[in-house]
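Examination of the molecular architecture
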Amino acid sequence: MALQDFASTNITSLSGLTEAIARIARARKREEVVETVRASARGLVGCDGIAIIRRDRDLCHYIEEDAIGPLWKGRKFPVASCISGWAMSNRKTAVVPDVSKDERVPQDLYSGTFVKALIMAPVGADNPGGATGAIGAYWSHPYEATQWEIDTLEALASAAASAFETVDLIGSLSNDLAQARSLLPDYSDDPGDLSKDVERVAGISAVPVILDVVLRMTGMGFAAVARVTKDRWITCLSVDHFGFGLKPGDELPIESTLCNEIRDHREAVVFDDAEVDPLYKDHHTPRIYGLRSYISVPIILSNGQFFGSLCAIDPKPAKVNNPQVLGALRLFAELIGHHLDADERLKVAEQSLERERQVSELREQFIAVLGHDLRNPIAAVDAGTSRLIKEGWTERSPLILKLMKASIGRMGGLVDNVMDLARARLGGGISLDLGEHDVATTLSHVIDELLVAHPERKIDINVNLSTPMRIDRLRIAQMFSNLVSNALTHGVEDGPITVTGALADGLLRLSVSNQGEPIPPDTMEKLFQPFRRGDVRPNMQGLGLGLYIASEIAKAHKGTITVHSDHAETRFTFEMPVSAA
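First, a word on scope: everything that follows refers to the structure included in this document.

What counts as what
Residues numbered from 1 in each chain as written. Predicted model: local features only at pLDDT ≥ 70, side-chain atom pairs only at ≥ 80, totals over all residues. Heavy atoms only, no water. Helix = DSSP H or I, 4+ residues; strand = E, 2+ residues; numbered from the N terminus. Buried < 20%, exposed > 50% of the residue type's maximum accessible area, 1.4 Å probe, protein only. Areas by Shrake-Rupley, 256 points an atom, 1.4 Å probe, with all protein chains shown as cover. Pairing = 2+ DSSP bridges. Axes fitted to C-alpha atoms, helices over the stretch in contact; angles between N-to-C directions. Contact = heavy atoms within 4.5 Å. Expected span 1.5 Å × (residues − 1). Polar contact = N/O pair within 3.5 Å; in protein donor to acceptor, adjacent residues only side chain to side chain. Salt bridge = Lys/Arg side-chain N within 4 Å of Asp/Glu carboxyl O. Phe/Tyr/Trp six-rings, centres within 6.5 Å; stacked < 30°, edge-to-face > 60°. Lys NZ or Arg CZ within 6 Å of the ring centre and 35° of its normal. Core = buried A, V, L, I, M, F, W, Y, C linked by side-chain atoms within 4.5 Å.

Quick word on the overall build of the protein
When its secondary structure is counted, the protein shows 18 helices and 19 strands. Looking at the protein as a whole, 50% of its 581 residues are labelled buried. For the protein, the computed accessible surface area is about 27200 Å², with 52% contributed by carbon and sulfur atoms.

Structure (structure tokens):
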């Protein structure tokens, strides 16, 4: 619609549309949105009936209506055979001057109604998942709708879509609003990257409509939403009909703008003609930019922070300093502020959801780690108990009991390690209880324990470590047990496990190797991630936590675990700087 056409539009209709959009934006329940559309749409469009439709999977559900005769309230129709379904599926407004001549209209449904012409505007046409509803306007005689009537219905549909998104978001955050407000960034003085704020405004589908309506309402040639801080003025989105030249991301010197003053007093600035206005006829801003008419209102977020401004300018005089125009722009600025709040709360909600996901994952890992790491000592106790029952008391019984006692002690220690795993997953790392210990003795105890559980396997040991070292004995035992258990599980059954240990060049180096198929390169990259055991040998049972836990224990000792795998052997090597420990 041209500006001169718009000028003839009744200002009362425009004011009514503005007020309806503002009420829709303020709605906090879906029922309030629907009721506002139902109560206002028919009068604003000037039609004989209105219907509000919600998409219910493959059905169009006519949930509300206001008409001179009954329509289809409460009924559902297939999307494929309904004009509202066509508008939702194609994401564009259907304009039908004569329903009897349009093949998209199911004639049998309309034959019993007063409807002879219609407009059907989709709700949420820009949603990634498709339109979620539609608003239909109907006439009782063949009728060619004006562009104003089409624009009005589309504006209501756009406002309803945004309001539904806001209502859903607020509902999902109802128990976390206080925290969300406390986490909102301080827009007023943020010196960081403001491009994200530009992107936030660009992501609000209602803003281009708002800017277009502002220009039509005022007859001016340029309108924009600006991000304003104490030292920067940045264009977020603009509509430019006279070539002012500002595009999203472009900046003006903050000192040259009136928004610098608006940021301080947070009141609107408006004048019809700078050349005769007593306050602004000598102001530098109109002179710098060649402005005659100007209007700008602040955008304030719900927590009181100043974001920027909604403004319009023109090199010619314009009638903008009146309550109707000022009231409309204030309502538009409030709507933009609501959208910005919703966007930030969504980010807070996503962060909270990610934290909850991590906590949930840790709960699962608490159970998984216990099940995984208790398996070896339980197997040792079970094997020792079975042997004592079978053989009775023999000369080997004291040794078996000693090993069983050590295994039980390790089981108690592993319960404490569950909390260490939690800290590792949350970034705090595994804590250590360091002391001077004999590494060779610690390794020997672990191997004896594993041989009790796997008496048929062979473990060759070549450990040359006679000097006590500063380590966490239980953690090193756990790490070493996981490495050897991994070799026992994935190595060939008739091949030996080779364990070597030595101290050289200030490094403690322990290696565990086995024979078998080499680890594929793509699996190698994921070996030390939790729950990855199945990637190595799909037929093997296990939760894939052993190597992850081992790597975290190595990291806590300032060390590393590396792996080499070929057709000759697969070898895991732990290296730790003795001084660092």
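With respect to the sheet that holds strand 17 (residues 507-514)
Reading across from one edge, 14-16-17-19-18 is the order of the 5 strands in this open sheet, with mixed pairing throughout. Since the sheet does not close on itself, it has two edges, and those belong to strand 14 (459-464) and strand 18 (560-565), each with one partner. On average, each strand axis in the sheet is tilted by 15° relative to the strand beside it, whichever way the strands run. In this structure, strand 14 lies alongside strand 16 (residues 497-504), joined through 6 bridges in parallel fashion. In the sheet register, Asp460 faces strand 16, and the bridge partner there is Thr498. Against the sheet, helix 16 (residues 473-490) contacts strand 14, strand 16, strand 17, strand 18 and strand 19 (570-577), and its axis sits at roughly 25° relative to strand 17. Running over the sheet, helix 18 (residues 546-556) touches strand 18 and strand 19 and is turned about 135° from strand 18.

Re unusual backbone geometry
Backbone geometry at Arg91 places phi at a positive 55°, although glycine is not the residue there. Given the relative accessible area of 37%, Arg91 is considered partly exposed. Phi at Arg266 is positive, roughly 60°, even though this residue is not glycine. With respect to the helices and strands, the residue Arg266 is situated in the loop between helix 10 (259-265) and strand 10 (269-271).

Some remarks on helix 16
Turn by turn, an α-helix covers 3.6 residues, leaving residues three or four places apart pointing in a common direction. Helix length check: helix 16, at 18 residues, gives a terminal C-alpha distance of 26 Å against a target of 26 Å (1.5 Å per residue), a fit within 8%. Taken across its 18 residues, helix 16 has 15 buried, putting it largely inside the fold. Its side-chain oxygen placed 3.3 Å from the backbone nitrogen of Leu474, Asp472 serves as the N-cap of helix 16.

Some details on the pattern of salt bridges
Taken as a whole, this structure holds 18 salt bridges when the rule is applied. We note a salt bridge from Asp460 to Lys458, for which the minimum N-O separation is 3.9 Å. Its relative accessible area of 29% is what places Asp460 among the partly exposed residues. Here the residues in one salt-bridge network are Asp151, Asp212 and Arg216, joined through shared partners.

Some remarks on the packing of aromatic side chains
Summed over the entire model, instances satisfying the criterion amount to 10 aromatic pairs. Three or more aromatic residues joined by ring pairs form one cluster here, namely Tyr62, Trp72, Phe77, Tyr110 and Tyr138. One Lys or Arg, Arg104, reaches over the ring of Trp86 and ends 4.4 Å from the middle of that ring. In this structure, Arg227 is placed above the aromatic ring of Phe307, and the distance from its NZ or CZ to the ring centre is 5.0 Å.

Points about the nonpolar core
Of all hydrophobic cores here, the largest spans 73 residues; its most connected members are Val225 and Leu310. Looking at which element gives the most residues to this core, the answer is helix 6 (residues 147-172), with 12 residues. With residues up to four places along the chain from it excluded, the contact list for Leu310 reads Ile210, Leu211, Ala224, Val225, Ile295, Ser296, Val297, Ile299, Leu329, Phe332 and Ala333. Listed in part, the 36 residues of the second largest apolar core include Leu465, Ile471, Ile553 and Ala556.

Focus: the sheet that holds strand 12 (residues 306-314)
What links the strands of a sheet is backbone hydrogen bonding, and the strands pair in either a parallel or an antiparallel sense. Within the open sheet, the 6 strands sit side by side as 9-8-7-12-11-10. Their pairing is antiparallel. Each edge of the open sheet is held by one strand with a lone partner, namely strand 9 (251-252) and strand 10. Bridge count between strand 10 and strand 11 (residues 293-300): 3 bridges; the pairing is antiparallel. Looking at strand 11, one finds that Val270 is bridged to Ile295. Against the sheet, helix 8 (residues 195-202) makes contact with strand 7 (222-228), strand 8 (233-240) and strand 12, and its axis sits at roughly 30° relative to strand 8, the strand it touches most. Sheet strands touched by helix 9 (residues 206-218): strand 7, strand 8 and strand 12. Its angle to strand 7, the strand with the most contacts, is close to 130°.

A look at the environment of Ala145
Assignment of secondary structure puts Ala145 in the loop between strand 6 (133-139) and helix 6. Sequence-wise, Ala145 and Val96 are 49 residues apart; in three dimensions their C-alpha atoms are separated by 8.5 Å. Setting aside chain neighbours within four positions, we find Ala145 in contact with Ile119, Trp139 and Ile150.

Brief notes about the pairing of strand 6
Counting buried positions along strand 6 yields 7 of 7 residues, so the element is predominantly enclosed. A two-sided burial pattern is seen for strand 6, the buried positions comprising Gly133, Ile135, Ala137 and Trp139 on one face and Ala134, Gly136 and Tyr138 on the other. Looking at chain direction, strand 1 (residues 49-56) and strand 6 are connected through 6 bridges and run antiparallel. Paired with Gly49 across the two strands is Tyr138, which belongs to strand 6. Note that strand 5 (residues 117-123) and strand 6 share 7 bridges and pair antiparallel. Each bridged residue has a counterpart across the sheet, and for Pro122 the counterpart in strand 6 is Ala134.

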